[in-house]
Amino acid sequence: MQTIPADLRDDFVRLLLSVADDKLLLGHRNSDWTGLAPILEEDIAFSALAQDEIAHAQALYGLAASVSHPDARAGADASGDAPAADALAFGRPAAAYLCAAFVEADDGFDWAVALVRRFLCDAFDAARLQRLSGSGFAPLAHLAARLLREERSHLEHASGWLVRLGRGTTESAARMQAALDRLAPAAMTLFEPFDGEDRVASAGLYPGDRATMFRTWRAAVEPVLARAGLTAAFTLDPDPPRGGRRGVHSPAFSAQLDEMCEVFRLAPEAAW
Amino acid sequence: MTMSRIRDHFPRTDPAAPLASAPMGDLDPYVVFTQLRANGPFLYAGWLEAPDAEMALLLARDHYGRDQVCTAVRVIHRADLESSDGLYTLAMPPPDGTEWLVATQKRPGDIFIEMGRVRAAGPAAAMDAARASVPGAATAHVIWVIPADRAVTTAPDDLIWRTTDQTYRLARGYRRDVREKWTRFRDESALAEYERDDLTEEF
């Protein structure tokens, strides 16, 4: 499939935005650690991985822009229409963002929280990109397959720290376990469906279902936690409350968005 | 002014207060080499500290592997390095007949480049074998020899340089108008510096 049927276009764009918004917000949150991470080497790596998330978001916003406005720029590729992608990234009201509550939350500059969140998100993203790589919409399937390779390397990196700190000292293990205890319930917000998810799934644009993806995610997460000596219980809510995936965000989100979009709003048409 | 206002909330502690836990000092030094093109030589990239070789490789991939397009990354523990100038000494010699990697620094200040491999019994013999058979080693300023099986290298299918747009990491990634502004600024700065030096010399 090379074009999206008109009756599925809005749902499909919501699918793309839910992925891109997760990545943009997580990249933004994790870049807060640039220059502040506990060791120089991980400071650089953590920042590079945060940039990757934003690069993934850029590619997905470009695709969303080309699907939303197919005639806006003939010949634009998946990452092609930069101004439209920027407008999607930085030019929407808070309620139009479809990121999960899990990526919005402040990590309180707790390194264990930042690492555990990144690990859980990387595992989720790998499972989601795997699912998207089977999409019936070829441009998305190709893009997802490309991003999946990068996401797997992110997961490998995050898993490396999780195991070493979980198996490190008594203090590092306690900090990682405390972070996991705090984050495990919130991680379930990643699985909240966006409006129209069932329709794009049935149409083969987002093949699979939440329950299967949750099992895939657990199969990736739990062996690493076991190697790290950490424990967590994950329960998927079959009917989760309306949250970030459906535009319902925490009060702090607007302030975060104001900061993130500040430069764009100063000069929306600027070329960099 | 901070880059992000969230940094205003960064938890600060009294620098004079005792540490919550004793410093562990459990990170080891590794030297990193990068291969910039398939089948090309491995070039010295820098050093890093990591808890073990596996983590060193992961960190090296996301640090030195991202400076430019890169096809492979290699890390070597400092204790596995023997240097002809005596700066580094191999901690634990390998069995006789081991294969050694040979990296040479042609002149002081040059980077080390992996130039070949030799088989030898011990680091001194490896150094001699390198001088006899590895191109440029006989006249090199410094030679490093490393037991080949102790170097840890990325697998051929490991992703290092990303598949998404990374041109923002490179000078050519900037739009032409930004690049022209930068060139103009740099030229003006160079001229101002030249004029300042000229005035200093004349007066």
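Read on for an overview of the structure.

What counts as what
Residues numbered from 1 in each chain as written. Chains lettered and ligands numbered in written order. Predicted model: local features only at pLDDT ≥ 70, side-chain atom pairs only at ≥ 80, totals over all residues. Heavy atoms only, no water. Phe/Tyr/Trp six-rings, centres within 6.5 Å; stacked < 30°, edge-to-face > 60°. Helix = DSSP H or I, 4+ residues; strand = E, 2+ residues; numbered from the N terminus. Buried < 20%, exposed > 50% of the residue type's maximum accessible area, 1.4 Å probe, protein only. Lys NZ or Arg CZ within 6 Å of the ring centre and 35° of its normal. Pairing = 2+ DSSP bridges. Disulfide = S-S within 2.5 Å. Contact = heavy atoms within 4.5 Å. Salt bridge = Lys/Arg side-chain N within 4 Å of Asp/Glu carboxyl O. Polar contact = N/O pair within 3.5 Å; in protein donor to acceptor, adjacent residues only side chain to side chain. Nonpolar A, V, L, I, M, F, W, Y, C, P; charged D, E, K, R; others polar. Expected span 1.5 Å × (residues − 1). Bend = angle between axes of the 7 residues up to and from the residue.

Quick look at the packing of aromatic side chains now. Note on aromatic pairs: each is described by the distance of the centres and the angle between the planes. For the coordinates displayed, the defined rule picks out 20 aromatic pairs over all chains. Residues phenylalanine 33 of chain B and tryptophan 144 of chain B carry aromatic rings whose centres are separated by 6.3 Å and whose planes lie at 80° to one another, so their mutual orientation is edge-to-face. Linking phenylalanine 33 of chain B in strand β1 (residues 28-35) with tryptophan 144 of chain B in strand β7 (residues 142-147), this pair joins segments that are 111 residues apart in sequence. For phenylalanine 33 of chain B, a relative accessible area of 0% gives the class buried. Here tryptophan 144 of chain B falls in the buried class, since its relative accessible area comes to 4%. Put simply, the rings of Phe33, Tyr44, Trp47, Tyr88, Phe112 and Trp144 of chain B touch in pairs and so form one group of aromatic residues. Between the NZ or CZ atom of arginine 92 of chain A and the centre of the ring of tyrosine 97 of chain A, over which it lies, the distance is 4.1 Å. Across from the ring centre of phenylalanine 42 of chain B, 3.9 Å away, lies the NZ or CZ of arginine 74 of chain B, which sits over that ring.

This paragraph deals with the pairing of strand β3 (residues 72-77) of chain B. All names here are of chain B. Of all six residues making up β3, five are buried, and the element is well covered by its neighbours. As judged from the six bridges shared by β1 and β3, these two strands associate in the antiparallel manner. Paired with valine 32 across the two strands is valine 75, which belongs to β3. Sheet topology note: the β3/strand β8 (residues 152-153) ladder contains two bridges and is antiparallel. Counted as the bridge partner of valine 75 is valine 152 from β8.

Let us now look at the state of the cysteines. Here, the word disulfide means a covalent bond between the sulfur atoms of two cysteines. Residue and element names in this part refer to chain A. A full pass over the atoms with the stated rule returns zero disulfides over all chains. Here cysteine 99 stays unpaired: no disulfide links it, and the sulfur of cysteine 121, its closest cysteine neighbor, is 11 Å away. Given a relative accessible area of 0%, cysteine 99 falls into the buried group. Just so you know, cysteine 261 is unpaired, no disulfide at all, and the nearest cysteine sulfur is the one on cysteine 99, 11 Å from it.

On to the interface of chain B and chain A, then. With 34 residues of chain B at the interface, the matching set in chain A holds 36 residues. Viewed at the interface, chain A and chain B are joined by four salt bridges. Applying the counting criterion to the chain B and chain A interface returns six residue pairs in polar contact (both at pLDDT 80 or more). Those elements that place two or more of their residues in the side of chain B that touches chain A are β2 (42-50) and α1 (53-63) of chain B. Ranked by residue count, the leading element in the side of chain B that touches chain A is α1 of chain B, at seven residues. Across the side of chain B that touches chain A, the residue classes break down as 13 nonpolar, seven polar and 14 charged.

Further remarks concern helix α6 (residues 138-166) of chain A. All names here are of chain A. With 29 residues, α6 should reach 42 Å at 1.5 Å per residue; the first-to-last C-alpha distance of 40 Å fits that figure. Where α6 bends most, at leucine 148, the angle is about 25°. Most of α6 sits out of view: 21 of its 29 residues are buried.

Geometry only, nothing functional implied.
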